[in-house]
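Here is what each chain is made of, one letter per residue.
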There are 2 protein chains.
Amino acid sequence: MTIKRNVFYVSDRTGITAELLGRTLLSQFQGAAFNKTTLPFIDTVEKARTACIEINQAFSDQGVRPLVFSTLINPNTRNVITACNGLVLDLFEMFIRPLEKELGEESSHVLGLSHGISDHDAYNDRIDAINFTLNHDDGITTANFELADIILIGVSRSGKTPTCLYLAMQYGIRAANYPLTPDDFSDGHLPKLLQPFRKKLYGLSITPDRLHKIRSERKPDSQYASLDNCRAEIRKAESIFHSEAIPYLDTSTKSVEEISITILHAAHLHQAHPAS
Amino acid sequence: MTIKRNVFYVSDRTGITAELLGRTLLSQFQGAAFNKTTLPFIDTVEKARTACIEINQAFSDQGVRPLVFSTLINPNTRNVITACNGLVLDLFEMFIRPLEKELGEESSHVLGLSHGISDHDAYNDRIDAINFTLNHDDGITTANFELADIILIGVSRSGKTPTCLYLAMQYGIRAANYPLTPDDFSDGHLPKLLQPFRKKLYGLSITPDRLHKIRSERKPDSQYASLDNCRAEIRKAESIFHSEAIPYLDTSTKSVEEISITILHAAHLHQAHPAS
């Protein structure tokens with residue numbers, strides 16, 4: 001039996017950066033299994049000592065060094081963690097010195113500048129974008145479409161809602177969406193109410209197999225979920241994308257993150273307010 | 001005038017990890033200004049060469065080396081970027097060797113293991129959680145509350161909706177929310193329909209000043225937004241949290257990420273499905 005190697009993500013704040021860093025790196029080791037623990041908000045020496053005890057305990061229980069991904073900024077808490085019985089991979093240690101040298105400036109060692117709400121305007125924009133997206137999900141209303149940064153269109157269950165929410169949450173983008181239903185396909189043209197917003201439209205498509213699978217989980221054995229119907233709806237939607245020159249992408253093998261970033265770049269959306 | 005130092009985030013995939021890494025590090029240099037560009041999906045040598053030309057152009061335009069945060073995995077594309085005229089901070093170069101040595105395994109150099117949909121079950125759980133959260137936002141319905149992993153309660157505009165969406169999107173947690181309104185305060189007890197779910201409840205509170213500010217942006221000069229009303233609602237909500245022993249936190253100075261992570265850990269929510 002493979003031992004599950006213990007992994008600790010240690011952070012002054014949320015631990016999101018440490019987790020992402022660790023996940024990206026560890027995904028490269030497919031022969032290993034990991035038991036991951038996040039220790040967020042380690043912002044005092046006292047908490048760092050408690051974290052260290054937990055890490056050392058994992059070491060003595062297993063006899064194998066835990067991996068420790070640390071994004072601690074405060075030198076005092078960092079020193080405590082660096083002294084643990086683990087392989088400590090320290091983000092700041094690795095990168096901050098070359099940056100200090102290059103920028104000719106000492107780093108400030110101030111906490112809470114990332115994932116905080118230090119920039120209130122940008123933060124409020126994100127919250128406003130989330131509300132906008134919730135109010136303009138699934139064609140609830142097309143009022144205020146002129147305020148949208150982007151409007152995603154596509155057949156039901158092609159990935160519009162999660163993508164809109166991700167764009168709003170992470171980038172403060174006002175993302176609306178409008179479902180293309182069989183009614184919209186009758187004359188093969190873009191629905192009239194979307195026509196004034198043509199430049200903001202971005203299409204989501206999907207393979208018939210994948211759509212059939214997704215819809216079947218929701219409404220098994222329905223006409224709505226049938227492979228034939230999925231195939232027909234997708235064909236008609238893509239035909240509109242082509243005839244109206246609306247850019248689109250196939251979401252079948254893409255995550256919400258990948259779809260969002262692809263659209264962000266393809267549509268040259270202004271990333272004024274990335275998640276702080 | 002300070003020169004805005006050019007910063008490039010270069011990635012095989014979405015660039016999310018590189019951006020987070022860079023943002024965390026650069027937030028430590030408050031004397032500097034940055035002009036940030038993300039170059040995602042750099043997955044061929046050809047694309048790497050084009051990226052390199054852009055980086056080198058920025059260098060010759062400004063006469064100052066751009067900062068390049070790279071999470072490229074493929075050695076061929078990495079080599080192209082490493083040779084650019086920038087200070088290249090390479091995530092893999094820095095961390096992968098110590099990990100290979102510690103784990104006794106070579107890294108696989110396979111792309112798309114992070115932020116992809118390689119784990120379909122976990123991915124579907126995230127999408128299901130988002131749908132659950134949308135269907136149980138703002139007390140729309142309390143049906144299926146027994147399926148919720150957590151139910152956030154608090155006065156209007158205390159941060160429930162963005163927090164629920166973040167928990168669902170990033171962690172696949174079925175997060176419902178229920179607004180405490182003046183009607184709920186009449187007898188000072190937990191609303192009846194929440195009583196069966198007491199163990200799943202987590203309270204969000206906020207300072208009167210902050211709530212007044214947020215509500216005033218939405219409905220200026222209303223009774224709803226008045227400082228007196230905000231103060232009274234919050235006092236009654238907190239009184240319920242105390243008398244019913246419901247854990248709660250003050251969201252006033254916290255970002256959605258910070259609120260979410262705090263709840264995740266405080267409520268010992270099972271992170272079965274972190275964002276892949």
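Everything numeric here is computed off the predicted structure, so don't read it as measured data.

A. Structural view of the overall build of chain A. Broken down by element type, chain A carries nine helices and eight strands. Taken over the C-alpha trace, chain A has a radius of gyration of 24 Å; the compact-globule value for 276 residues is 19 Å, which it surpasses by more than 25%. Dimensions of chain A along its principal axes, counting C-alpha atoms only, are 70 × 50 × 30 Å. The buried share of chain A, taken over its 276 residues, is 54%. Summed over all atoms, the accessible surface of chain A reaches about 11,700 Å², with 50% contributed by carbon and sulfur. For chain A, the distance from the average site of its 28 positive side-chain charges to the average site of its 33 negative ones is 4 Å.

B. Local environment of helix H3 (residues 75-82) of chain A. Residue and element names in this part refer to chain A. Looking only at H3, the buried set comprises Thr-77, Arg-78, Val-80 and Ile-81. End-on view of H3: buried residues confined to an arc of 160°, all on one side of the axis. As for H3, its buried residues are in contact with strand S1 (4-10), helix H2 (45-62), strand S3 (67-70), strand S4 (87-90) and helix H4 (91-103). The distance from a side-chain oxygen at the start of H3 to the backbone nitrogen of Asn-76 is 2.7 Å, and the residue carrying that oxygen is Asn-74.

C. Seen up close, the nonpolar core. Grouped together as the largest cluster of nonpolar side chains are 56 residues, with contacts concentrated most on A:Ile150 and B:Ile150. Not counting chain neighbours up to four residues away, the residues in contact with A:Ile150 comprise A:Leu167, A:Ile173, A:Arg174, A:Ala175, A:Ala176, A:Lys200, A:Tyr202, A:Ile263, A:Ala267 and A:Leu269. By size, the runner-up hydrophobic cluster in this structure holds 38 residues, among which are A:Phe69, A:Leu87, A:Phe92 and B:Leu21.

D. Layout of the UniProt feature "binding site: ADP" (unreviewed entry) in chain A. Within the UniProt annotation, "binding site: ADP" (unreviewed entry) is assigned to A:Gly154, A:Val155, A:Ser156, A:Arg157, A:Ser158, A:Gly159, A:Lys160 and A:Thr161. Its location among the elements puts A:Ser158 in the loop between strand S5 (150-154) and helix H6 (160-171). Looking at where A:Thr161 falls in the secondary structure, it is placed in helix H6. Using a relative accessible area of 15% as the deciding quantity, one classes A:Thr161 as buried. What A:Thr161 contacts, discounting residues up to four positions off in sequence, is A:Asp137, A:Asn177 and B:Leu134.

E. Region of interest: the domain arrangement of chain A. Here chain A is partitioned into domain 1 (4-103) and domain 2 (120-266). Distance from the C-alpha centre of domain 1 of chain A to the C-alpha centre of domain 2 of chain A: 39 Å.

F. Expanded view of the relation of the copies chain B and chain A. Expressed as a screw operation, the relation of chain B to chain A combines 0.0 Å of axial shift with a rotation of 180°, fitting to an RMSD of 0.0 Å. Given the turn and translation reported, the copies of this chain are related as if by a two-fold rotation axis. An overlap of 100% is found between the interface residues of chain B and their copies at the interface of chain A, pointing to a shared contact surface.

G. Spotlight on the interface of chain B and chain A. Contact residues are listed per partner, giving 82 residues for chain B and 82 residues for chain A. Across the chain B to chain A interface the summed buried area is about 7,300 Å²; carbon plus sulfur atoms make up 64%. Among the residues chain B hides against chain A, the three largest losses belong to B:Gln28, B:Phe29 and B:Phe95. Together they make up 10% of the total. The interface formed by chain B and chain A includes eight salt bridges. Scanning the region where chain B abuts chain A turns up 18 residue pairs in polar contact (both at pLDDT 80 or more). Per element, the largest residue contribution to the side of chain B that touches chain A is 10 residues, and it comes from helix H4 (residues 91-103) of chain B. Here the side of chain B that touches chain A is built from residues that sort into 39 nonpolar, 25 polar and 18 charged.

H. Inspection of the confidence of the model for chain A at higher detail. Here chain A shows a mean pLDDT of 89. Residues at 70 or above account for 93%. This stretch, residues 272-276 of chain A, has a pLDDT under 50; its non-local contacts, to residues over four places away or in other chains, come to 18 contacts.

I. Structural context of the packing of aromatic side chains. Counted according to the given criterion, the structure contains nine aromatic pairs over all chains. When the centroid spacing of 5.0 Å and the interplanar angle of 35° are considered together, the rings of A:Phe241 and A:Tyr248 count as tilted. A residue is classified by how much of its surface remains accessible, and A:Phe241, at 1% relative accessible area, is buried. A:Tyr248 sits in the partly exposed class, given a relative accessible area of 28%. Over the aromatic face of B:Tyr224 sits the side chain of B:Arg215, whose NZ or CZ is 4.2 Å from the ring centroid.

J. Summary view of the sheet that holds strand S8 (residues 248-250) of chain B. All names here are of chain B. What the four strands build is an open sheet, ordered S6-S5-S7-S8; its pairing is parallel. In the strand order of this sheet, the two ends are held by strand S6 (175-179) and S8, each with one partner. Sheet twist, expressed as the mean angle between neighbouring strand axes with direction ignored, is 25°. Pairing of strand S7 (residues 201-205) with S8 involves three bridges; the strand directions are parallel. The partner of Ser-205 across the bridge, within S8, is Asp-250. Where helix H6 (residues 160-171) meets the sheet, its contacts fall on strand S5 (150-154), S6 and S7, and the angle it forms with S6 comes to roughly 170°.

K. The pairing of strand S2 (residues 33-39) of chain B, seen in detail. Residue and element names in this part refer to chain B. Across seven bridges, the pairing between strand S1 (residues 4-10) and S2 is parallel. Counterpart to Phe-8 in the pairing with S2 is Thr-37. Between the parallel elements S1 and S2, the chain passes through helix H1 (residues 16-26) in a crossover that is right-handed.

L. Representation of the pattern of salt bridges in the model. Inspection of every chain in the model, using the stated rule, returns 26 salt bridges over all chains. The shortest N-O distance in the salt bridge between B:Glu19 and B:Arg23 comes to 3.7 Å. Taken together, the positions of B:Glu19 and B:Arg23, both in helix H1 and four residues apart, correspond to about one turn of that helix. Owing to a relative accessible area of 5%, B:Glu19 belongs among the buried residues under this scheme. Through salt bridges that share partners, A:Arg5, A:Arg65 and B:Glu102 make up one connected network.

M. Expanded view of unusual backbone geometry. All names here are of chain B. The phi torsion at Phe-41 lies on the positive side, around 55°, for a residue other than glycine. For Phe-41, the location among the structural elements is in the loop between S2 and helix H2 (45-62). One non-glycine residue, Asn-144, adopts positive backbone phi at about 65°. Within the secondary structure, Asn-144 sits in the loop between helix H5 (120-135) and S5. Looking at Asn-144, the relative accessible area reads 37%, which means it is partly exposed.

So, how was this worked out
Residues numbered from 1 in each chain as written. Chains lettered and ligands numbered in written order. Predicted model: local features only at pLDDT ≥ 70, side-chain atom pairs only at ≥ 80, totals over all residues. Heavy atoms only, no water. Helix = DSSP H or I, 4+ residues; strand = E, 2+ residues; numbered from the N terminus. Rg over C-alpha atoms; globule rule 2.2 N^0.38 Å. Buried < 20%, exposed > 50% of the residue type's maximum accessible area, 1.4 Å probe, protein only. Areas by Shrake-Rupley, 256 points an atom, 1.4 Å probe, with all protein chains shown as cover. Lys, Arg positive; Asp, Glu negative; His and termini not counted. Charge placed at Lys NZ, Arg CZ, Asp CG, Glu CD. Arc of directions from axis to C-beta. Contact = heavy atoms within 4.5 Å. Polar contact = N/O pair within 3.5 Å; in protein donor to acceptor, adjacent residues only side chain to side chain. Core = buried A, V, L, I, M, F, W, Y, C linked by side-chain atoms within 4.5 Å. UniProt positions renumbered as here; feature names shortened; annotations may be inferred. Domains from an automatic or database assignment. Least-squares fit on C-alpha atoms with pLDDT ≥ 70 in both. Buried area = accessible area lost by both parts, 1.4 Å probe. Salt bridge = Lys/Arg side-chain N within 4 Å of Asp/Glu carboxyl O. Nonpolar A, V, L, I, M, F, W, Y, C, P; charged D, E, K, R; others polar. pLDDT = per-residue confidence, 0-100. Phe/Tyr/Trp six-rings, centres within 6.5 Å; stacked < 30°, edge-to-face > 60°. Lys NZ or Arg CZ within 6 Å of the ring centre and 35° of its normal. Pairing = 2+ DSSP bridges. Axes fitted to C-alpha atoms, helices over the stretch in contact; angles between N-to-C directions. Right-handed = clockwise from strand over helix to strand, strands pointing away.

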